[in-house]
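What the coordinates show
This is what each chain is made of:
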Amino acid sequence: MQYISTRGGDERVTFEEAVFRGLAQNGGLFIPERIPSLPEGWEKSWATLSYVELCHRVLSLFIPPTAEEGGIASADLYEIIDRSYSTFRDPQVAPLTHVTEREWCLELWHGPTFAFKDIALQLLGNLFEYFLKRRNEGRAENDKETITVVGATSGDTGSAAIAGLRSKEHIQIFILHPYRRVSAVQNAQMTTVLDENVHNLAVDGTFDDCQDIVKALFGDKTFNDKYKLGAVNSINWARILSQIVYYFYAFFTLKEKEPALDMRTVQYVVPTGNFGDILAGYYAKRLGVPMEILIAATNSNDILQRFWATGRYEKRATHQSSSSQFVSETLSPAMDILVSSNFERLLWYLAHDTDMESSDEAHRAQKAGAQVASSMSKLKTKGAFSVSPEEHKLARHDFVSFRASDEETKETIRKYYAIKRDEGKYLVDPHTAVGFNAANKAAVHEHTTQIILSTAHPAKFRESVLAAVADPRDLPLAENLFDQYVIPPELRGMLELPRRFTRVCVADAPQNAGPTQFDKLLARTKQIIEEQSF
Ligand SMILES: *Cc1c(COP(=O)(O)O)cnc(C)c1O
């Protein structure tokens with residue numbers, strides 16, 4: 001199995017290269033050259049596997065078993081997976097909770113940082129480490145290959161990336177966050193990690209400044225070559241791959257609990273930002289996991305919802321956002337995006353599968369790549385592009401999309417908190433609430449069975465959750481109860497731990513930095529990486 005670019009061309013890379021490189025040379029994203037087939041009888045033979053075993057089976061479809069092919073020996077892969085998920089508090093990794101008669105919640109936040117990104121980043125950290133170790137075997141100490149991972153975060157990704165890469169050999173990680181603009185819990189989750197290879201940079205600016213600095217670093221070829229920058233953002237193929245697994249796991253869990261249910265009627269609802277989580281669901285569907293449809297739940301940053309309604313993908317200001325910056329801030333910040341980076345992968349399949357003319361696969365793949373390249377170029381220059389009616393129809397065959405406002409998000413948190421269950425009240429975080437809201441809008445009748453993916457623990461979004469469920473007159477009491485019963489002990493203790501981070505401010509910039517504030521912040525960031533990297 002090799003990987004090709006969504007924008008065509010001759011480049012073919014191994015799994016190992018796809019993991020390290022992130023982006024293809026022509027700016028495209030890596031996709032597998034074909035969708036593999038599941039083994040005959042998988043529905044029976046995989047039914048009782050543990051999460052780790054199931055993960056091993058699914059990943060083995062996409063990762064060849066030898067180093068020569070840029071893959072991983074089967075026993076090594078098993079060990080990597082086992083170690084990656086041993087950090088989870090729940091042995092099921094992704095347990096399925098029964099919330100109402102017809103609604104099930106797939107809880108993806110039982111990892112170290114209480115957010116779904118742990119599922120991908122715990123594995124990615126171990127994959128990086130494994131490949132580097134293999135490349136460095138027999139090399140002298142001063143000749144060892146290293147990477148410097150650099151990323152920007154508004155909160156969640158940074159903590160999950162740090163948890164995935166802390167103390168890994170031959171890897172340094174630099175995470176930029178906007179100074180004093182991440183929540184107390186998020187700040188603690190990043191800056192209380194004191195491993196030597198972890199570097200938190202608190203930038204005097206916004207999240208966008210952080211992201212622009214990271215982009216400038218990756219665009220600086222000299223700097224990039226010297227420090228071997230690595231990316232952990234959601235376009236990394238290994239992240240998508242690891243997320244396919246829990247759709248299989250959810251399928252088997254529900255099938256066991258509801259043996260009489262026709263699994264082909266089940267809807268999967270996914271709170272969506274960069275389209276990584278739901279794209280993994282699309283791969284699961286293509287591989288053969290029975291389901292009716294995937295539902296992309298968005299907040300008011302609704303480019304995806306508009307695409308499914310109209311067939312046009314268009315960057316657009318929403319009513320709340322300022323003119324210079326299109327993204328509007330919502331109660332579900334991890335989904336506040338202007339465009340969804342992984343959507344490009346779906347576009348390739350839409351173009352590829354509606355091509356009725358090409359006679360052979362190689363030709364069809366190239367044509368799809370050329371079309372995606374053209375669409376992405378239109379998006380860049382004109383801010384929009386449209387797909388053909390056939391592509392739009394095909395997209396609507398596998399997906400629908402619904403949008404939730406902040407008001408609806410709060411109402412939804414309240415609604416599910418009020419439902420009486422045997423296990424007690426069910427409190428969801430604002431991202432998961434966007435999902436439940438879409439689920440309500442998508443349910444065709446009172447028997448529609450839905451699996452809603454829950455992407456964060458409610459404790460991570462204390463203020464929004466309290467604003468939704470607490471009576472303002474009793475707020476101090478509600479805060480006390482929340483801190484006592486909702487905040488997990490792991491997070492509670494964290495706020496008191498010692499912290500380490502480096503401020504990135506204009507005053508400390510080197511003399512030769514450029515004139516603007518951005519130049520100065522960028523130059524200072526480079527200086528810090530130079531001082532603290534290998
Ligand atoms: C990242 C994230 C999402 C969005 O996932 P995508 O793969 O980017 O669509 C949703 N909820 C939470 C809590 C997240 O951290």
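Residues numbered from 1 in each chain as written. Predicted model: local features only at pLDDT ≥ 70, side-chain atom pairs only at ≥ 80, totals over all residues. Heavy atoms only, no water.

In terms of regular secondary structure, the protein is built from 21 helices and 16 strands. Taking 2.2 N^0.38 as the reference for a compact globule, 534 residues should give roughly 24 Å; the C-alpha atoms of the protein span a radius of gyration of 23 Å, in line with that estimate. With the C-alpha coordinates aligned to their principal axes, the bounding extent of the protein is approximately 70 × 65 × 50 Å. In the protein, which comprises 534 residues, the share counted as buried stands at 57%. Across the protein, contacts joining residues at least 24 apart in sequence account for 75% of those joining residues at least 6 apart. Working note: accessible area of the protein is about 22,600 Å², and carbon and sulfur atoms make up 50% of it. (Helix = DSSP H or I, 4+ residues; strand = E, 2+ residues; numbered from the N terminus. Rg over C-alpha atoms; globule rule 2.2 N^0.38 Å. Buried < 20%, exposed > 50% of the residue type's maximum accessible area, 1.4 Å probe, protein only. Contact = heavy atoms within 4.5 Å. Areas by Shrake-Rupley, 256 points an atom, 1.4 Å probe, with all protein chains shown as cover.)

Spatially, β9-β6-β7-β8-β16 is the arrangement adopted by the five strands of the open sheet, whose pairing is parallel. Either end of the sheet is taken by a strand with one partner, and the two such strands are β9 (229–230) and β16 (502–504). Pairing of strand β6 (residues 147–152) with β9 involves two bridges; the strand directions are parallel. Opposite threonine 148, over in β9, you have leucine 229 as the bridge partner. Running at roughly 165° to strand β7 (residues 171–178), helix α6 (residues 156–165) makes contact with β6, β7 and β8 (198–203) of the sheet. (Pairing = 2+ DSSP bridges. Axes fitted to C-alpha atoms, helices over the stretch in contact; angles between N-to-C directions.)

This paragraph deals with the sheet that holds strand β1 (residues 3–5). Hydrogen bonds between backbone groups are what pair the strands of a sheet, and the pairing can be parallel or antiparallel. Taken in spatial order, the three strands of this open sheet run β2-β1-β3, and their pairing is antiparallel. Sheet topology places β2 (12–13) and β3 (30–32) at the edges, where each strand pairs with a single neighbour. Set on the sheet, helix α13 (residues 343–354) makes contact with β1 and β3; between it and β3 the angle comes to about 50°.

Below, the discussion takes up the UniProt feature "modified residue: N6-(pyridoxal phosphate)lysine" (unreviewed entry) in the protein. UniProt tags Lys117 as "modified residue: N6-(pyridoxal phosphate)lysine" (unreviewed entry). Along the chain, the position of lysine 117 falls in helix α5 (residues 117–136). Lysine 117 has contacts with Thr157, Ala160, Arg239 and Ala334, leaving out every residue within four places of it along the chain. (UniProt positions renumbered as here; feature names shortened; annotations may be inferred.)

The next point concerns the layout of surface pockets. By volume, the second largest pocket is sized at about 490 Å³. If you trace the second largest pocket, you find 19 residues lining it, with Tyr417, Lys425, Leu427, Phe482 and Val486 closest to the centre. Per-element tally for the lining of the second largest pocket: the top contributor is helix α19 (residues 475–486), with six residues. Here the lining of the second largest pocket is composed, by residue class, of 14 nonpolar, one polar and four charged. (1 Å grid on protein atoms, 1.4 Å probe; cavity = no way out; pocket = protein on both sides within 12 Å on 5 of 7 lines; lining within 4 Å. Points joined across faces, edges and corners; volume = space filled by probe spheres on them. Nonpolar A, V, L, I, M, F, W, Y, C, P; charged D, E, K, R; others polar.)

Moving on, we come to the UniProt feature "domain: Threonine synthase N-terminal" (unreviewed entry) in the protein. UniProt records the feature "domain: Threonine synthase N-terminal" (unreviewed entry) for residues 2–85 in the present numbering. Helix makes up 39% of residues 2–85 and strand 10%, and the two end C-alpha atoms of the span are 26 Å apart.

What follows concerns the packing of aromatic side chains. Using the criterion set out here, one finds 37 aromatic pairs in the structure. A cation over a ring is seen here: arginine 89 above phenylalanine 114, with NZ or CZ 3.6 Å from the ring centre. Over the ring of tyrosine 179 we find arginine 503, and its NZ or CZ is 3.9 Å from the ring centre. (Phe/Tyr/Trp six-rings, centres within 6.5 Å; stacked < 30°, edge-to-face > 60°. Lys NZ or Arg CZ within 6 Å of the ring centre and 35° of its normal.)

Turning to the environment of threonine 412, a few remarks are in order. In this fold, threonine 412 is placed in helix α16 (residues 406–418). C-alpha separation for the pair threonine 412 and glycine 281, spaced 131 residues apart in sequence, amounts to 24 Å. Beyond its immediate chain neighbours, meaning those up to four positions away, threonine 412 contacts Ala433, Phe436 and Asn437. Here glutamate 408 takes part through its backbone oxygen, which lies 2.6 Å from a polar atom of the side chain of threonine 412. (Polar contact = N/O pair within 3.5 Å; in protein donor to acceptor, adjacent residues only side chain to side chain.)

Within the structure shown, the criterion is met by 30 salt bridges. Where arginine 286 meets aspartate 353, a salt bridge forms, and the shortest distance between an N and an O atom there is 2.9 Å. Here arginine 286 is found in helix α11 (residues 276–287), whereas its partner aspartate 353 is found in helix α13, with 67 residues between them in sequence. For glutamate 407, the salt bridge is made with lysine 410, and the minimal N-O distance between the two is 4.0 Å. (Salt bridge = Lys/Arg side-chain N within 4 Å of Asp/Glu carboxyl O.)

Interaxial distance between α5 and helix α10 (residues 237–257) falls to 9 Å at its minimum, and their mutual angle equals 130°. Classified by the angle their axes make, α5 and α10 are oblique. For the pair α5 and α10, the sense of crossing is right-handed. Counted together, Lys117, Ile119, Ala120, Leu121, Leu123, Leu124 and Leu127 of α5 and Ala238, Arg239, Ser242, Gln243 and Tyr246 of α10 form the full contact between these two elements. (Parallel < 35°, antiparallel > 145°, perpendicular 65-115°, else oblique. Left-handed = near helix turned anticlockwise from the far one by under 90°.)

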